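Each chain is listed here by its residues.
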Amino acid sequence: MLTTKEAIEKRRSIRKYKPDPIPDEHLRELLNSARLAPSGCNAQPWRFKIVKEEGIKARLAEAAYDQAFISQAPVVIICCADVQGYLDGTVSGAQDLGKIGAIEDRIVTILQGRAKNLETIERNELGPRIAANVAIAIEHIVLRALDFGVGSCWIRLIDEQKVRELFGWSDNIYVVALLPIGYPAEFPEARKRLKLNDILLD
Ligand SMILES: Cc1cc2nc3c(=O)[nH]c(=O)nc-3n(C[C@H](O)[C@H](O)[C@H](O)COP(=O)(O)O)c2cc1C
């Protein structure tokens, strides 16, 4: 088992995979690590679809502007936000947080008011606003996967609507990213990063 520091430092985006399947209990463990992520008002808007079928993986690669390596991964996790789930979860989650005294009643009212206002906004505008919550859950998966020797690559360059249509999902579901995962068949060097000084604002 890696320490958090080791996982963060060893992780790479992996774009070549061995064909070996990933055991279901490991997949379950990855989804469980997503489940435990923090979210605004504890709304937990993340939803996932596990894809192993060759034909569907090929369609996903196509929807990702022909990034062919996606279809070579044994599993692709489609990482989504449930817009209505987010709105409902915000209202009840804020109430729960208020009840246990984690946030003041004043903040509960503000958060619930905001969720109500968001109801009037187009679904396809709301999806991207919720995406930050799902992104945290995705990165939990990415880092936990390293404990099983499993690599992954975030894929955000996607035709979001095409992915949705593939499954007949309504615009209540916003596709945040694809996450192909598998045992690495490449071991890339660390990619360039900005220096600490470069990421500090004055
Ligand atoms: C939000 C996001 C979107 C990304 N989209 C893609 C993508 O569509 N295709 C791809 O090959 N890599 C994608 N990547 C991977 C990045 O290219 C990669 O993280 C970056 O080059 C740094 O390399 P490293 O992850 O190996 O450290 C994405 C990463 C993130 C976080």
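For clarity, every value in this text was computed on a predicted model and none was experimentally measured.

### Some details on the packing of helix α5 (residues 83-99) against helix α6 (residues 105-118)
Then step 1. In contact at an axis separation of 9 Å, α5 and α6 are set at 170° when each is read in the N-to-C sense. Looking at the two axes, α5 sits roughly antiparallel to α6. Contacts between α5 and α6 involve Y86, L87, T90, V91, A94, Q95 and G98 from the first element and V108, L111, Q112, A115 and L118 from the second.
Then step 2. Of the residues contributing to the contact of α5 with α6, the split by class is 8 nonpolar, 4 polar and no charged.

### Observations regarding unusual backbone geometry
Peptide bonds are trans in most cases, and residues, glycine excluded, mostly fall at negative phi.
Then step 1. Phi is positive for C41, close to 55°, though the residue is something other than glycine.
Then step 2. By the secondary structure assignment, C41 is in the loop between α2 (24-35) and β1 (46-51).
Then step 3. In the Ramachandran plot, D66 falls in the positive-phi region, its phi being about 60° despite a non-glycine side chain.
Then step 4. When you line up the elements, D66 lands in the loop between α3 (54-63) and α4 (69-72).
Then step 5. The class for D66 is exposed, based on a relative accessible area of 58%.

### Section: a nonpolar patch on the surface
Then step 1. A grouping of L194, L196, I199 and L200 is seen on the molecular surface, where their side chains present a nonpolar patch of about 480 Å² in accessible area.
Then step 2. Relative to the helices and strands, L200 resides in the segment after β4 (173-182).
Then step 3. The exposure class assigned to L200 is exposed, which follows from its relative accessible area of 58%.

### Things to note about the pattern of salt bridges
Then step 1. Counted by the stated rule, this structure contains 9 salt bridges.
Then step 2. Here K57 and E54 are joined by a salt bridge, their closest N and O atoms 3.4 Å apart. A residue pair is termed a helical-turn pair when its members lie 3 or 4 positions apart in one helix, as K57 and E54 do in helix α3 at 3 residues.
Then step 3. Its relative accessible area of 56% is what places E54 among the exposed residues.

### Focus: the site of the ligand
Then step 1. Close to the ligand lie 13 residues, the nearest being S13, R15, Q67, R191 and R193.
Then step 2. Contact between the ligand and Q67: a nitrogen atom at 2.8 Å from a side-chain N or O atom of the residue.
Then step 3. In the environment of the ligand, an oxygen atom lies 3.1 Å from a nitrogen or oxygen atom belonging to the backbone of L157.
Then step 4. Contact with the protein chains hides 67% of the accessible area of the ligand, taken as 620 Å² for the molecule alone.
Then step 5. For the shell around the ligand, the residue count by class is 5 nonpolar, 2 polar and 6 charged.

Rules and cut-offs
In this convention, every chain numbers its residues from 1, walking through the sequence in written order. With pLDDT at 70 or above as the cut-off, local features in this predicted model cover only qualifying residues; side-chain atom pairs require 80 or more to be listed or tallied, and sums for whole chains, interfaces and linings still use all residues. In computing side-chain values, all of the structure's heavy atoms are included and hydrogens and water are not. Axis lines are fitted to C-alpha atoms, over the contacting stretch for helices. Their N-to-C directions set the angle, which ranges from 0 to 180 degrees. Starting at the N terminus, helices and strands are each numbered in turn, a helix being any DSSP run of H or I of at least four residues and a strand any DSSP run of E of at least two. An angle below 35 degrees is treated as roughly parallel, one above 145 as roughly antiparallel, one from 65 to 115 as roughly perpendicular, and anything else as oblique. The contact criterion used is simple: two residues touch if any of their non-hydrogen atoms lie within 4.5 Å. Following the grouping adopted for this structure description, the nonpolar residues are Ala, Val, Leu, Ile, Met, Phe, Trp, Tyr, Cys and Pro, the charged ones are Asp, Glu, Lys and Arg, and the polar ones are all others, Gly among them. With a 1.4 Å probe rolled over the protein chains alone, any residue whose accessible area is under 20% of its type maximum counts as buried; one over 50% counts as exposed, and the rest are partly exposed. Residues enter patches when their relative accessible area tops 30% and they take part in no salt bridge; the joining distance is 9 Å for like charges and 5 Å for the nonpolar side chains Val, Leu, Ile, Met, Phe, Trp and Tyr. Throughout, the Shrake-Rupley method with a 1.4 Å probe supplies accessible areas, and for residues the shown protein chains are the sole cover considered. Salt bridges, as used here, are contacts in which a Lys or Arg side-chain nitrogen is within 4 Å of a carboxyl oxygen on Asp or Glu. Neighbouring residues are identified by heavy atoms, a residue being near a molecule or strand if any of them is within 4 Å of it. Here a polar contact is recorded for every N or O atom pair within 3.5 Å, except that within protein the pair must consist of a potential hydrogen donor and a potential acceptor, and residues adjacent in sequence are included only if both atoms are side-chain atoms.

On their own, these measurements won't tell you what the molecule is for.
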